[in-house]
Amino acid sequence: MKKKSLLALLLAACMCLTLTACGSSSTTTTTTTTTADSSAASDTAADDSAAADDTAAADETEDADSDLAYVQNKGTLVIGITDFEPMDYQDADGNWIGFDADMAAAFAESLGVTPEFQIIADWDNKVMELEGKTIDVVWNGMTLTDEVKSAMECSNAYFNNAQVVVVPADVADQYQTVEDLEGLLFAVENGSAGMAEIEALGLDYTPVQDQATTLLEVSAGTADAAVIDYLMAAAMVGEGTSYDKLTYTVSLNSEEYGVGFRKGSDLAEMLNEFFSASYADGTMQEIAERYNIADKLIEQ
């Protein structure tokens, strides 16, 4: 009996030891699994946070590269112009009007911003003013030369134009061909398409601030002739104008107008879409007729 009792006690002790060992193993496994799950959750949260940061950074970069975001954030579209009837000029109350001014104001409104007109003091510096963000766009009957198109993001062409020679009406019959222009002193806008034409012909010229000033020079007799845009000549010289003693004769080229933004600007494509819509609904034609230049408008 004693042997049987002793044997029973030994068996009971072994069973306790076995159960204790099994319990310890289970507890350790559970603890290890919980730690691994926590680590995985932390890694996922960190990855999600990094992805969110990358997305925010990408959005900020996109906004920084977007001219549309830039003008909408500041609430204005600064439009670089010169005094150039019938494209940009002031009425009796000092408001800027003209085909370009009216279209620029409508485009700014479509963007939800306010138009601000700023005179480009030296036309030759227009690209520098764009890049320095003094202005947001050059919208001033600008000829689409190769130089302009390489330096700016340009819109589609919207007007046909030419550079024409303006002389006193009483001597106009003497200047009907390019060959007749030899020996004349021209007044030209600095950096303009007219200046480029005169340089190409090897003729003498004096650069001035803008095209309006060239007419003053000829009218005052300080220059023999001027070269300006046909659209301006048609509006500003001849009978019924402020320069009724001047007229235009020789056409030196044919060209097209466009609008210029900073290189790579997303506003250029938006303006092309605006032009298309404005032509389709008749707005462009209506404004062109208001300034008597509808015959030179290019279909959009």
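Here the structure is shown first, and the text comes after it.
An account of the accompanying structure is given in this report.

Parameters at a glance
- Residues numbered from 1 in each chain as written.
- Predicted model: local features only at pLDDT ≥ 70, side-chain atom pairs only at ≥ 80, totals over all residues.
- Heavy atoms only, no water.
- Helix = DSSP H or I, 4+ residues; strand = E, 2+ residues; numbered from the N terminus.
- Buried < 20%, exposed > 50% of the residue type's maximum accessible area, 1.4 Å probe, protein only.
- Contact = heavy atoms within 4.5 Å.
- Areas by Shrake-Rupley, 256 points an atom, 1.4 Å probe, with all protein chains shown as cover.
- Pairing = 2+ DSSP bridges.
- Axes fitted to C-alpha atoms, helices over the stretch in contact; angles between N-to-C directions.
- Phe/Tyr/Trp six-rings, centres within 6.5 Å; stacked < 30°, edge-to-face > 60°.
- Lys NZ or Arg CZ within 6 Å of the ring centre and 35° of its normal.
- Polar contact = N/O pair within 3.5 Å; in protein donor to acceptor, adjacent residues only side chain to side chain.

A word on the overall build of the chain
Logical step 1: Scanning the chain for helices and strands turns up 10 helices and 13 strands.
Logical step 2: The 300 residues of the chain split such that 40% are buried.
Logical step 3: Counting contacts in the chain only where the partners sit at least 6 residues apart, residues at least 24 apart contribute 70% of the total.
Logical step 4: Surface exposure of the chain reaches about 15,800 Å², of which carbon and sulfur atoms provide 51%.

What to know about the sheet that holds strand β11 (residues 225-229)
Logical step 1: With mixed pairing, five strands are arranged side by side in an open sheet as β10-β9-β11-β8-β12. Only two strands of the sheet have a single partner each, and these edge strands are β10 (204-208) and β12 (246-251). Ignoring strand direction, the axes of neighbouring strands in this sheet form an average angle of 35 degrees.
Logical step 2: Examined bridge by bridge, strand β8 (residues 163-168) and β12 share four bridges and lie antiparallel to one another. Note that in β12 the partner of Val-166 across the bridge is Tyr-248.
Logical step 3: The sheet strands contacting helix α6 (residues 193-201) are β8, β9 (185-189), β10 and β11, and the helix crosses β9 at an angle near 145 degrees.
Logical step 4: Sheet strands touched by helix α7 (residues 211-220): β8, β9, β10, β11 and β12. Its angle to β11, the strand with the most contacts, is close to 155 degrees.

Details of the packing of aromatic side chains
Logical step 1: Applying the stated criterion across every chain, the model contains 11 aromatic pairs.
Logical step 2: Consider the rings of Tyr-230 and Tyr-248, whose centres lie 5.8 Å apart with planes at 85 degrees: the pair is edge-to-face. Here Tyr-248 lies in strand β12 and Tyr-230 lies in helix α8 (residues 230-236), a separation of 18 residues in the sequence.
Logical step 3: Residue classification places Tyr-248 among the partly exposed positions, given a relative accessible area of 30%.
Logical step 4: Feature note: the residues Phe-84, Phe-99, Phe-107, Trp-139, Tyr-158, Phe-159, Tyr-257, Phe-274 and Phe-275 constitute an aromatic cluster, connected by ring pairs.
Logical step 5: The aromatic ring of Tyr-70 is capped on one face by Lys-133, whose charged end is 4.0 Å from the ring centroid.

Considerations on helix α2 (residues 67-74)
Because an α-helix packs 3.6 residues into every turn, residues spaced three or four apart end up facing the same way.
Logical step 1: All of the buried residues in α2 are Asp-67, Leu-68, Ala-69 and Val-71.
Logical step 2: Capping of α2 at its N-terminal end is provided by Ser-66; its side-chain oxygen lies 3.3 Å from the backbone amide nitrogen of Leu-68.

Examining the side chain of Asp-100
Logical step 1: The residue Asp-100 is located in helix α3 (residues 99-111) in this model.
Logical step 2: Polar contacts involving the side chain of Asp-100 include one to the side chain of Tyr-158, which spans 2.8 Å.
Logical step 3: In this structure Asp-100 touches Met-87, Asp-88, Trp-139, Asn-140, Gly-141 and Tyr-158, once residues within four positions along its chain are discounted.

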